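# An overview of the molecular structure
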Amino acid sequence: MHEKTRRSRLDAISCVRGAGTERRQPVPDVFDEVHRRCGDGEPVALATVVATWHSAPQPPGAAMVVTTDGTVIGSVSGGCVEADLYERARRVLDTGQPELCRYGISDDDAYTVGLTCGGILDVFVERVDASALPALDAVAAARRSGHPAAIVTCVAADVNDEPPTDAGSSPSTGPTDPARRLGRRLVLTGQRSVGSLGDDRLDDAASADALGLLAAGRSGMLRYGYHGQRRGGGISLFVTAYATPPRMIVFGAIDFAAAVARIGAFLGYRVTVCDARPVFATARRFPEADEVVVQWPHRYLRTELAADRLDERTVLCVLTHDPRFDVPLLELALRHPLAYVGAMGSRRTHDERHKLLSEAGLSPAQLARLASPIGLDLGGRTPEETAVSVAAQIVAARWGGTGRPLAVLDGPIHQPG
């Protein structure tokens, strides 16, 4: 893939912050810890979930780090397999040889390593040291600038699938020995690519597909032939996506908005509070928000949509319950494929708003996307309890949950997705 094309596609994924916006410092995560320790010259063992089946407790991309002094950071299963994985990680730290291990359903033996939830995990364990710093530095720089980045790692290579090189064929530009492919990395950022998977054609194929995963904001596995053939065999690559965080926009600078902004930040959203009234829309009143905007809600939303700063992960919480503000706002929002659009108000307010939106030309399908009155029925009264209700509905909409008690449901607790 040409550098210009790769850069333009990554830039299109980026979520650009408004001028003058102050951001909270992110909580240190596994990547930050790996980068810091490798920068200090200390190798670590990194265990990453690369594939899951059935009711797995953690999604692909969940990671755990084991340091040279035995410190454990992060988790891959919530405690089911960490003890065994710790021993594997210590071994990988000593040998430098990566391992791909599978954990399945545990049996009746209490000492058997497995997942009591009934899921299956594939975990790739690798030693990461100073040799990985160019790749880690590139990702760290992209994250600081608010750009997405992806690390593509070779986690499996089938020796039986390595094709011979014919006299008339183009030779590979890198190692063909499967053992030498394991752990090789290709990093994609908004500015450049760093590293190689061992073959130019494989790099190009993996780059194109990794950018697709990055645009969707998810990590995942890719399969190719040794030279990038899309035949599904030979090389297994795992894409760790470091996408920009999804956005939550809270319209209406009321007490409930402060609680919703707080729980939105807790869930990992980049939170904006917007209100047309400057006396209420202040950073002091909304310390958990990433930004507070004084603007008419529908005008702000139109600006953000036009600038391509919203996507299918974006959540809107309309708490104004005033038709002057929320009708033009909802008319615009429901015409776009956002993840969630919820609006506060009584049932009488909802009926009147529904009538006005229908008269504005919204279709029944568009109106059906409106979560109004906002939230699930938890019986809450306070702003904080209401925020939990709203957050529960957002999570259920994201993962296809029913909002019903797990005790009355059958089947797996963790749905695939």
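Up top is the structure.
Chains are numbered independently. Their residues run from 1 in the order of the written sequence. With pLDDT at 70 or above as the cut-off, local features in this predicted model cover only qualifying residues; side-chain atom pairs require 80 or more to be listed or tallied, and sums for whole chains, interfaces and linings still use all residues. Excluding hydrogens and water, the side-chain figures rest on all heavy atoms present in the structure.

## What to know about the overall build of the chain
The numbering of helices and of strands both runs from the N terminus, where a helix is a DSSP run of H or I of at least 4 residues and a strand a run of E of at least 2. Helix and strand counts for the chain come out as twelve helices and 16 strands. The contact rule is simple, with two residues in contact once any of their heavy atoms fall within 4.5 Å. Considering only intrachain contacts with a sequence separation of at least 6, the fraction spanning at least 24 residues in the chain is 63%. For the accessible areas, the method is Shrake-Rupley and the probe is 1.4 Å, while residue cover comes only from the protein chains on display. Only carbon and sulfur atoms are counted for the fraction: they give 52% of the accessible area of the chain, which is about 20,400 Å².

## Some thoughts on the sheet that holds strand β12 (residues 270–275)
Two modes of strand pairing occur in sheets, parallel and antiparallel, and in both the strands are linked by backbone hydrogen bonds. At least two DSSP bridges between two strands are needed for those strands to be called paired. Across the sheet, which stays open at both edges, the six strands sit in the order β13-β12-β11-β14-β15-β16 with parallel pairing between neighbours. Both edges of this open sheet fall to β13 (291–294) and β16 (370–371), since each of them pairs with a single strand only. When strand β11 (residues 247–251) meets β12, the two strands line up parallel, connected through five bridges. Each bridged residue has a counterpart across the sheet, and for Ile249 the counterpart in β12 is Thr272. Helix axes are fitted only over the stretch in contact, all axes being lines through C-alpha atoms; the angle between N-to-C directions runs from 0 to 180 degrees. Across the sheet, helix α8 (residues 297–306) is in contact with β11, β12, β13 and β14 (315–318); its angle to β11 comes to roughly 160°. Contacts between helix α9 (residues 323–333) and the sheet are confined to β11, β14, β15 (340–343) and β16, with β14 contributing the most and set at about 160° to the helix.

## Observations concerning a nonpolar patch on the surface
On the surface, Phe266, Leu267, Val395 and Trp399 cluster together into a nonpolar patch covering about 440 Å² of accessible area. Relative to the helices and strands, Trp399 is located in helix α12 (residues 383–399). Patch definition: residues above 30% relative accessible area lacking any salt bridge, with like charges linked at up to 9 Å and the nonpolar side chains Val, Leu, Ile, Met, Phe, Trp and Tyr linked at up to 5 Å. Every case where a carboxyl oxygen of Asp or Glu lies within 4 Å of a side-chain nitrogen of Lys or Arg is listed as a salt bridge.

## Some points on the nonpolar core
Ranked by size, the top nonpolar core spans 27 residues in total, and within it Met248, Val250, Val271, Cys317, Leu319, Tyr340 and Ile394 carry the most contacts. Sorting elements by how many residues they give to this core places helix α7 (residues 255–266) first, with seven residues. If sequence neighbours within four positions are ignored, Val250 has contacts with Ala257, Val260, Val271, Thr272, Val273, Cys274, Cys317 and Leu319. Here, nonpolar core means buried Ala, Val, Leu, Ile, Met, Phe, Trp, Tyr and Cys residues that are tied together by side-chain atoms lying within 4.5 Å of each other. Note on exposure labels: buried denotes an accessible area under 20% of the residue type's maximum, exposed denotes more than 50%, and partly exposed covers the range between, all computed with a 1.4 Å probe on protein chains only.

## Notes on the pairing of strand β1 (residues 44–53)
Most of β1 is tucked away, with eight of its ten residues classed as buried. Bridge analysis of β1 against strand β2 (residues 63–67) gives five bridges, and the strand direction is antiparallel. Pairing of Thr48 across the sheet is with Ala63, part of β2. With nine bridges joining them, β1 and strand β5 (residues 120–128) adopt antiparallel strand pairing. Note that in β5 the partner of Val44 across the bridge is Val128.

## Describing the layout of surface pockets
Its boundaries defined by the atoms lining it, the second largest pocket holds a volume of some 340 Å³. Breaking the lining of the second largest pocket down by element, the ones donating at least two residues are β5, α4 (133–144), β7 (185–188) and β8 (193–195). When residues are grouped by polarity, Ala, Val, Leu, Ile, Met, Phe, Trp, Tyr, Cys and Pro land in nonpolar, Asp, Glu, Lys and Arg in charged, and all others, Gly among them, in polar. Among the residues forming the lining of the second largest pocket, the class breakdown is eight nonpolar, five polar and six charged. With a 1 Å grid spanning the protein atoms alone, the term cavity applies to any set of points in which a 1.4 Å probe fits but cannot get out, the term pocket to an open set with protein on both sides within 12 Å along at least five of seven lines, and the term lining residue to any residue with an atom within 4 Å of a point. Grid points are joined across faces, edges and corners, and a volume is the space filled by probe spheres set on the points.

## Quick look at the packing of α9 against helix α10 (residues 347–359)
At a minimum axis separation of 10 Å, α9 and α10 run at an interaxial angle of 50°. Overall, the two elements α9 and α10 adopt an arrangement that is oblique. Crossing of α9 against α10: the hand is right-handed. Residues Asp326, Val327, Leu330 and Glu331 of α9 touch α10, and the partners they reach there are Arg353, Leu356 and Leu357. Taken together, the residues of the contact of α9 with α10 sort by class into four nonpolar, no polar and three charged. Angular relationships are summarised with four words: roughly parallel below 35 degrees, roughly antiparallel beyond 145, roughly perpendicular across 65 to 115, and oblique for the angles in between. By convention, the crossing between two helices is left-handed when the near helix turns anticlockwise from the far helix through less than a right angle, and right-handed when the turn is clockwise.

## Re α8
All of the buried residues along α8 are Pro297, His298, Tyr300, Leu301 and Glu304. The arc that holds the buried residues of α8, viewed along the axis, is 160°, so those residues lie on one side. Of the surrounding secondary structure, the elements contacted by the buried residues of α8 are β11, β12, β13, β14 and α9. Remark: Asp308 follows α8 within two positions and exhibits a positive phi of approximately 60°. Throughout, the arc means that of the directions going from the helix axis to the C-beta atoms.

## A look at α12
Helix span, expected: 1.5 Å multiplied by one less than the number of residues in the helix. For α12, with 17 residues, the first-to-last C-alpha span of 24 Å sits near the 24 Å given by 1.5 Å per residue. Residues of α12 that are buried: Thr386, Ala387, Ser389, Val390, Ala391, Gln393, Ile394 and Ala396. Packed against the buried residues of α12 are β11, α7, β14, β15 and β16. Within two residues after α12, Gly400 carries a phi angle of roughly 80°, on the positive side.

## Some thoughts on the sheet that holds strand β6 (residues 149–157)
Taken in spatial order, the five strands line up as β8-β7-β6-β10-β9 in an open sheet, and their pairing is antiparallel. One side of each edge strand has no neighbouring strand; the edge strands of this open sheet are β8 and β9 (220–224). When strand polarity is set aside, the average angle formed by the axes of neighbouring strands in this sheet is 20°. Sheet analysis places β6 next to strand β10 (residues 235–242), joined by eight bridges and oriented antiparallel. Looking at the pairing, Thr153 lines up with Phe238 of β10. Running over the sheet, helix α6 (residues 200–216) touches β6, β7, β9 and β10 and is turned about 155° from β9.

## Looking at the side chain of Arg185
One can find Arg185 in strand β7. Distance and chemistry together define a polar contact, namely a pair of N or O atoms within 3.5 Å, with one atom able to donate a hydrogen and the other to accept it when in protein, and with adjacent residues in sequence counting only for side-chain atoms on both sides. A polar side-chain atom of Arg185 sits 3.1 Å from a polar atom in the side chain of Glu126. Once you skip the residues sitting within four places of it in the chain, Arg185 turns out to touch Glu126, Arg127, Val128, Ala132, Ile151, Val152, Thr153, Val194, Gly195, Ser196 and Leu197.

Everything listed here is a matter of geometry and, on its own, says nothing about what the molecule does.
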